[in-house]
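Chain and residue survey
Here are the chains, one letter per residue:
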Amino acid sequence: MIDTPSLVDQYCHGVLRTELGLGTFETRLGAHLGDRRGGPPGLPAAGTTFFDTQTGFAVRRWCPPLLGLEPHCPPARYLARRRELGVVEAGRRLLRASGISTYLVDTGVAGDLTRPAEIAATAGAEAHEIVRLEPLAEQVADTSGTVDAFLANLAEAVHGAAVNAVAFTSLEGVRRGLATTPEPPGPGEVRGAAGRWLAARPAGGRLTDPVLLRHLLWIAVTAGRPLQLHTRDLDPAVLGAFAAATTGLGTDLVLLHAYPHHRAAAHLTVVHPHVYADLGPALAHTGARAAAVLAEVLESAPFGKLLFSSGAHGLPELHVVAAGVFRSALTRVLGEWVMDGAWSPADAQRVATMIAAGNARRVYRLGPAVSPR
Amino acid sequence: MIDTPSLVDQYCHGVLRTELGLGTFETRLGAHLGDRRGGPPGLPAAGTTFFDTQTGFAVRRWCPPLLGLEPHCPPARYLARRRELGVVEAGRRLLRASGISTYLVDTGVAGDLTRPAEIAATAGAEAHEIVRLEPLAEQVADTSGTVDAFLANLAEAVHGAAVNAVAFTSLEGVRRGLATTPEPPGPGEVRGAAGRWLAARPAGGRLTDPVLLRHLLWIAVTAGRPLQLHTRDLDPAVLGAFAAATTGLGTDLVLLHAYPHHRAAAHLTVVHPHVYADLGPALAHTGARAAAVLAEVLESAPFGKLLFSSGAHGLPELHVVAAGVFRSALTRVLGEWVMDGAWSPADAQRVATMIAAGNARRVYRLGPAVSPR
Amino acid sequence: MIDTPSLVDQYCHGVLRTELGLGTFETRLGAHLGDRRGGPPGLPAAGTTFFDTQTGFAVRRWCPPLLGLEPHCPPARYLARRRELGVVEAGRRLLRASGISTYLVDTGVAGDLTRPAEIAATAGAEAHEIVRLEPLAEQVADTSGTVDAFLANLAEAVHGAAVNAVAFTSLEGVRRGLATTPEPPGPGEVRGAAGRWLAARPAGGRLTDPVLLRHLLWIAVTAGRPLQLHTRDLDPAVLGAFAAATTGLGTDLVLLHAYPHHRAAAHLTVVHPHVYADLGPALAHTGARAAAVLAEVLESAPFGKLLFSSGAHGLPELHVVAAGVFRSALTRVLGEWVMDGAWSPADAQRVATMIAAGNARRVYRLGPAVSPR
């Protein structure tokens, strides 16, 4: 009844180019856990497996049929079939069946992952780049000899990236950068922090300095592209203060990964006109519960403030699962409201199209939808 | 099956006396957002409208039929019909169809809003006044020449208001007044704060001083009427500390507007015998999701501790929507529990009557229910 | 369709040996509220009763049929029948009908409660002891003459208790002990705190010193048994820091009583391999809503990380209710996911068995299940 023909995945990563065994595949299912602190993927507890999670069950529900197997077949059988087809052909079948017609790809994570152009070719879809701020700053540090050069190059790099990027994203900005204050640091404070960081920094050293992270967020705010903020373990007061400080500047903030604080994130989109919320991993990782979680976000967020994403990383299965659970959840939730008489069918279809694609097209200025090839 | 014939709306405001165009009406749909910080109503984000929210959809579901139109008709058509009838007749039809037989009205907000007696006449119902503490203190400040006079007049004004008011309410008391400690400030501290405020205060200046706000809450606690506390963005620890500090004093606390922290608010009603929770805006603003939110509150709160309200402000449509979604949600939630065998039909009917009206009649000592005229 | 034949109740208390009147029984229904701060059971608000709660309604649903009455019969009738049978026979009928085959019993609370061996005999089941850390430390203080003796005896007592206990538990450890830091206190700090406590302590005085509570948790961490932490009003940041500090030490942490923060607790089990979450009171106290709360926990927690318990204290009715609502909720939630095609029937049955008993048998090394006699 409710149709979501063409999804914009407003935040994802590329997929691995190498063949995967059962153990490596399982590790990737839990990889979002390790990502969180920048470390290696976590291990399951003794006596347990990442296949025994909503994500694991959802992969077994949605993916085997796309490779010619029964849903819920054993993981080993699925992996054998995947290797039989080869990583390229399996990835092609999976992504082309996902229903995603536009991918916005965060290219700032390590690993042998496909780039936006390659995703577009594999999936028969559009793809655009999201630039992650921390690696950009680390690259600038690698090639800048002095504090003055670093700070000038940093601003230039962010503004330069804004020409082709559809958005910026920051993993550590909220957690480390905004803990004490949302305001931009003063020039002296920034110079001091830059001097200390550059002097102590080994080659390739990560940016974790709170002042520089905050400075970087504020450069991005002036660059005119939407700024996506990872908000796991968010303190709503911290985000609310940054939202208040950036009101009226013309840059939209998109809150990523808020689960289990998705209601608090939705509430921030009510209060602040320039704040948007992502639905991705909250649905992809909750599998059979995605409809319930989606319904919670729809309680308070204005319907023009919500954006679909997969948050997928490494496995095309995760793009497929995110799209499948999202469409299934959206159809169920809005369909029930129509059945109850709470919503009209026309409104339900209109809101579905907004959340699936229309809001993202407006916020990221993507131009009209292209039909999947 | 479950019947809620007569509602007590334990917290609302009056309605606007002027005709409204489409833009003004839309602004009022989002007005609860601006209220929060005492400022003007907020604006929707670019490319969005407050009609595309659960509140907007709920108004279009519940109100057009009361004015002779189809549910979910376009906003412009509804507003045209509303103007055709005139603001008085439209308000009369809406309020008389709401099923609310008693209105407790917070009269302490600015704007050309109907007063309790006028609401009673329009709605064919009872209405009582809730006195908001901050404007009362500001009026006392306007007419008191010295610190001594101000403090004496303040206590007298609160105790005087308690004669006719059914309750007191405070918007800023929790957020600003209780942040550091729940205890009443000492006399010297209060005198100092009063002196500084009166000296610096322009005519009509708002009360935002934390010490005076806390002092005001504690005067209200001694006045013997229930004290309604606005708790948006509540820190449950702060509320819990104030609840602990006011235990055994004989004054009930009613927590308003706790969503999205409604489960934490419900939990406080479990722990503290004199703490009650409001269901109003949590249901009115979540529309099609109201049954789910109501069910969450009913998880832990004792059934004698919950109170219906609309929280409506400015538009009689908001009283109608709140009553409609509440009744619909209550019937659905309790009805399902009866169908499952988890509750008996008699218990479900008894609890419905308690939450719809009985608890409020007991807490506010309203006397027996009057049938709506 | 989904079968949970034999439950392991991984956290409960004994039952009262005395006959109970209506008033005493009602007080016990609300006893978990008083427990929380170590004080006496709380009182219901004026004009309300603890029978008008989800727990009260659930007792009336599940228990009367086990004593030959209609479900939902009036409390007075149920209590009369209970006295007619006698406390021993009523307890026997209730526990034997609960479906619990293994009880893990926290023996560290005051009151005339049955001990594990007596529960086992009454219920025709296995029972094992959980040792509560605070009373153990208080007993050691009662019998140690010096700081040196106290500290040596304390370590010996914990390690000695680990021989027979299946787990340790701490009520105040998280709330008071970990507030400032998760790290073990240094020897000098511990000696100082012990000296001050022993010097000021009246006979039987409670342990509330934060340094000694933290020291006690860390002794327990080295004792090799799972450590159950009461987490009501948990600050997830505090628990997360303790989880991080205890990673890789080989001791599992089990989070008890997290509601209304059960999603945050579930999230901690995702991030930390050695952290588990309890389902007990979150389901037992939410009654008709247990399926919804269970479903929320199953959103993110790996299925190998969840443990059933009753959390029951004093009344065998509370063991019955916990088991009944758990089984009913599990069957409903997993059954719906199977109906939707989201889970396979075999997976649903496997996960049900894990949560009902298998995970607890693995974590507490209980050996294979024994059929209830």
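Scoring rules and cut-offs
- Residues numbered from 1 in each chain as written.
- Chains lettered and ligands numbered in written order.
- Predicted model: local features only at pLDDT ≥ 70, side-chain atom pairs only at ≥ 80, totals over all residues.
- Heavy atoms only, no water.
- Helix = DSSP H or I, 4+ residues; strand = E, 2+ residues; numbered from the N terminus.
- Rg over C-alpha atoms; globule rule 2.2 N^0.38 Å.
- Buried < 20%, exposed > 50% of the residue type's maximum accessible area, 1.4 Å probe, protein only.
- Areas by Shrake-Rupley, 256 points an atom, 1.4 Å probe, with all protein chains shown as cover.
- Pairing = 2+ DSSP bridges.
- Right-handed = clockwise from strand over helix to strand, strands pointing away.
- Least-squares fit on C-alpha atoms with pLDDT ≥ 70 in both.
- Contact = heavy atoms within 4.5 Å.
- Expected span 1.5 Å × (residues − 1).
- Phe/Tyr/Trp six-rings, centres within 6.5 Å; stacked < 30°, edge-to-face > 60°.
- Buried area = accessible area lost by both parts, 1.4 Å probe.
- Salt bridge = Lys/Arg side-chain N within 4 Å of Asp/Glu carboxyl O.
- Polar contact = N/O pair within 3.5 Å; in protein donor to acceptor, adjacent residues only side chain to side chain.
- Nonpolar A, V, L, I, M, F, W, Y, C, P; charged D, E, K, R; others polar.

An unreviewed UniProt entry annotates chain A as Amidohydrolase of Streptomyces narbonensis.

A few words now on the overall build of chain A. A tally of helices and strands in chain A yields 17 helices and eight strands. For 373 residues, the compact-globule formula gives about 21 Å, and the C-alpha radius of gyration of chain A, at 21 Å, lands near that figure. Classification of the 373 residues of chain A by burial places 62% in the buried group. Carbon together with sulfur atoms contributes 57% to the accessible area of chain A, which is approximately 13000 Å² in total.

Within a regular strand, side chains alternate between the sheet's two faces. Residue and element names in this part refer to chain B. In this sheet, strand β3 (residues 126-132) lies alongside strand β2 (residues 100-106) in parallel orientation, the contact comprising five bridges. In the strand pairing of β3, D106 is matched with I130. Chirality of the crossover, the property in question, places the unit of β2, helix α6 (residues 116-123) and β3 among those that are right-handed. The sheet contact formed by β3 and strand β4 (residues 167-170) spans three bridges and is parallel. Bridging across to β4, I130 finds its partner in A167.

Let's shift gears to the relation of the copies chain A and chain B. Rotating chain A by 120 degrees about the axis while translating it 0.1 Å along that axis superimposes it on chain B, leaving an RMSD of 0.0 Å. Taken together, the rotation and translation describe the operation of a three-fold axis. Scanning chain A for the C-alpha nearest the rotation axis identifies A292 of chain A, at a separation of 5.6 Å. Each copy contacts the other with its own distinct surface, as only 3% of the interface residues of chain A are interface residues in chain B too.

All names here are of chain C. The end-to-end C-alpha distance of helix α16 (residues 316-339), which contains 24 residues, comes to 34 Å, matching closely the 34 Å that a straight helix rising 1.5 Å per residue would cover. The element α16 is extensively covered by neighbouring structure, given that 18 of its 24 residues are classed as buried. After α16 finishes, the residue G341 shows a positive phi value of roughly 80 degrees.

A separate point is the relation of the copies chain C and chain A. When chain C is brought onto chain A, the operation consists of a screw motion whose angular component is 120 degrees and whose axial shift is 0.0 Å, with 0.0 Å RMSD remaining. With a heterologous cut-off of 20% or less, the 3% of interface residues of chain C that recur at the interface of chain A puts this contact in the heterologous class.

Residues and elements named next belong to chain B. Per the stated rule, a full pass over the model turns up 27 aromatic pairs over all chains. Seen in terms of ring centroids, W218 and F242 are 5.7 Å apart; in terms of plane orientation they differ by 80 degrees. Their pairing is edge-to-face. Linking W218 in helix α11 (residues 210-222) with F242 in helix α12 (residues 236-245), this pair joins segments that are 24 residues apart in sequence. Residue classification places W218 among the buried residues on the basis of a relative accessible area of 11%. A ring pair is formed by F308 and F326, whose centres lie 4.6 Å apart and whose planes are at 35 degrees; its orientation type is tilted. You can see F308 sitting in the loop between β8 (306-307) and α16 (316-339) and its partner F326 sitting in helix α16, a full 18 residues away along the chain.

Before going further, it helps to spend a moment on the sheet that holds strand β7 (residues 275-278) of chain B. Residue and element names in this part refer to chain B. If you walk across this open sheet you meet the eight strands as β1-β2-β3-β4-β5-β6-β7-β8, and the pairing is parallel. Unpaired on one side and paired on the other, β1 (7-12) and β8 mark the two borders of the sheet. As defined by bridge partners, β4 adjoins strand β5 (residues 227-230) across three bridges and the pair is classed as parallel. From the neighbouring strand, F168 faces β5, where its bridge partner is L227.

Turning our eyes to something else, we now look at the interface of chain C and chain A. In this assembly, 29 residues from chain C lie in contact with 26 residues from chain A. Buried area between chain C and chain A, both sides added, is near 2400 Å², and the carbon and sulfur share of it is 53%. Linking chain C with chain A are five salt bridges, by the criterion used here. Residue E296 of chain A is joined to R263 of chain C by a salt bridge in which the shortest nitrogen-to-oxygen separation is 2.9 Å. Our count for the contact surface shared by chain C and chain A stands at twelve residue pairs in polar contact (both at pLDDT 80 or more). Here the side of chain C that touches chain A is built from residues that sort into 15 nonpolar, six polar and eight charged.

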